[in-house]
Amino acid sequence: QVQLVESGGGLVQAGGSLRLSCAASGRTFSTLRMGWFRQAPGKEREFVAKISRSGGSTTVADSVKGRFTISRDNAKNTVYLQMDNLKREDTALYYCAADTTIGAPGRYDYWGQGTQVTVSS
């Protein structure tokens with residue numbers, strides 16, 4: 001029902017920036033609560049950021065607060081993750097996810113394939 005495709009990952013030096021994009025299709029985008037997660041080798045999946053359906057409410061993990069910003073453009077069916085002042089510990093596979101629950105927030109039931117972010121010295 002929902003297809004998510006991430007892009008924008010790559011190799012950057014510490015202190016640099018990247019902007020990840022997640023394009024959604026198959027569902028009215030404005031009905032989807034969206035989130036970003038990441039998983040580093042040997043570690044479990046970690047929450048990074050989430051955004052409400054309208055984009056009026058956002059939450060970011062403490063580990064990236066002040067450096068990462070989540071946003072969305074419902075006209076373009078796209079959610080973004082702006083990553084500034086990247087650190088080596090930000091290296092991970094980043095996933096976009098969608099929560100299709102109409103009412104209160106539920107579970108993320110659709111996931112993209114992921115885009116790799118690698119931060120080097």
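Along each chain, residue indices are assigned from 1 in the same order as the chain's sequence is written. Predicted model: local features are reported for residues with pLDDT of at least 70 only, side-chain atom pairs are reported and counted for 80 or more only, and whole-chain, interface and lining totals are derived from all residues. As a convention, hydrogens and water are excluded, and side-chain values are obtained from all of the structure's heavy atoms.

Q: When you look at the state of the cysteines in this model, what are you seeing that I'm missing?
A: In protein structure, a disulfide is the covalent linkage between the sulfur atoms of two cysteines. We call a pair of cysteine sulfur atoms a disulfide when they lie within 2.5 Å. On inspection of all chains with the given rule, the structure shows one disulfide. One disulfide bridge connects cysteine 22 with cysteine 96, the sulfur atoms lying 2.1 Å from each other. The disulfide joining cysteine 22 to cysteine 96 has a torsion of about -80° about its S-S bond and is therefore left-handed. Residue cysteine 22 is found in strand β3 (residues 18-25), and its partner cysteine 96 is found in strand β9 (residues 92-99); the two are separated by 74 residues along the sequence. Any residue under 20% of the maximum accessible area for its type is buried, any over 50% is exposed, and the rest in between are partly exposed; the area is computed with a 1.4 Å probe on protein chains only. Cysteine 22 gets classed as buried once you look at its relative accessible area, which sits at 0%. Only DSSP runs of H or I covering at least 4 residues are called helices, and only runs of E covering at least 2 are called strands; the numbering of each starts at the N terminus.

Q: Got a minute to help me understand the sheet that holds β3 in this structure?
A: Within a sheet, adjacent strands bond to each other through the backbone by hydrogen bonds, running parallel or antiparallel. For two strands to pair, DSSP has to find at least two bridges joining them. Here four strands make up an open sheet; going across it, the order is β1-β3-β8-β7 and the pairing antiparallel. Two strands close off the open sheet at either side, each with one partner strand: β1 (3-7) and β7 (68-73). Between one strand and the next, the sheet's axes are offset by a mean angle of 15°, whatever the strand orientation. Across five bridges, the pairing between β1 and β3 is antiparallel. Bridge assignment links leucine 4 to a residue of β3, and that residue is alanine 24. Helix axes are fitted to C-alpha atoms over the stretch in contact, other axes to C-alpha atoms as well, and angles between N-to-C directions run from 0 to 180 degrees.

Q: How should the layout of surface pockets be read in this particular structure?
A: Method remark: on a 1 Å grid restricted to protein atoms, a set of points is classed as a cavity if a 1.4 Å probe fits but cannot get out and as a pocket if it is open with protein on both sides within 12 Å along at least five of seven lines; lining residues have an atom within 4 Å of a point. Grid points are joined across faces, edges and corners, and a volume is the space filled by probe spheres set on the points. The volume enclosed by the largest pocket comes to roughly 160 Å³. Forming the walls of the largest pocket are Arg33, Lys50, Ile51, Ser52, Ser57, Thr59, Asp99, Pro105, Gly106 and Tyr108. Of the residues contributing to the lining of the largest pocket, the split by class is three nonpolar, four polar and three charged. Under this grouping Gly is polar, as are all residues other than the nonpolar Ala, Val, Leu, Ile, Met, Phe, Trp, Tyr, Cys and Pro and the charged Asp, Glu, Lys and Arg.

Q: Is there a simple way to think about the pattern of salt bridges in this case?
A: Any two side chains of opposite charge can pair, given that their charged atoms come close. A pairing counts as a salt bridge when a side-chain nitrogen of Lys or Arg comes within 4 Å of a carboxyl oxygen of Asp or Glu. Scanning the entire structure with this criterion turns up four salt bridges. For glutamate 46, the salt bridge is made with arginine 38, and the minimal N-O distance between the two is 2.9 Å. Residues aspartate 90 and arginine 67 are paired through a salt bridge, measuring 2.7 Å at the closest nitrogen-oxygen approach. Of this pair, aspartate 90 sits in the loop between β8 (78-83) and β9 while arginine 67 sits in the loop between β6 (58-60) and β7, placing them 23 residues apart in sequence. By the burial criterion, aspartate 90 is buried, and arginine 67 matches it. Salt bridges here are not isolated pairs; linked through shared partners, they connect Arg38, Glu46, Arg67 and Asp90.

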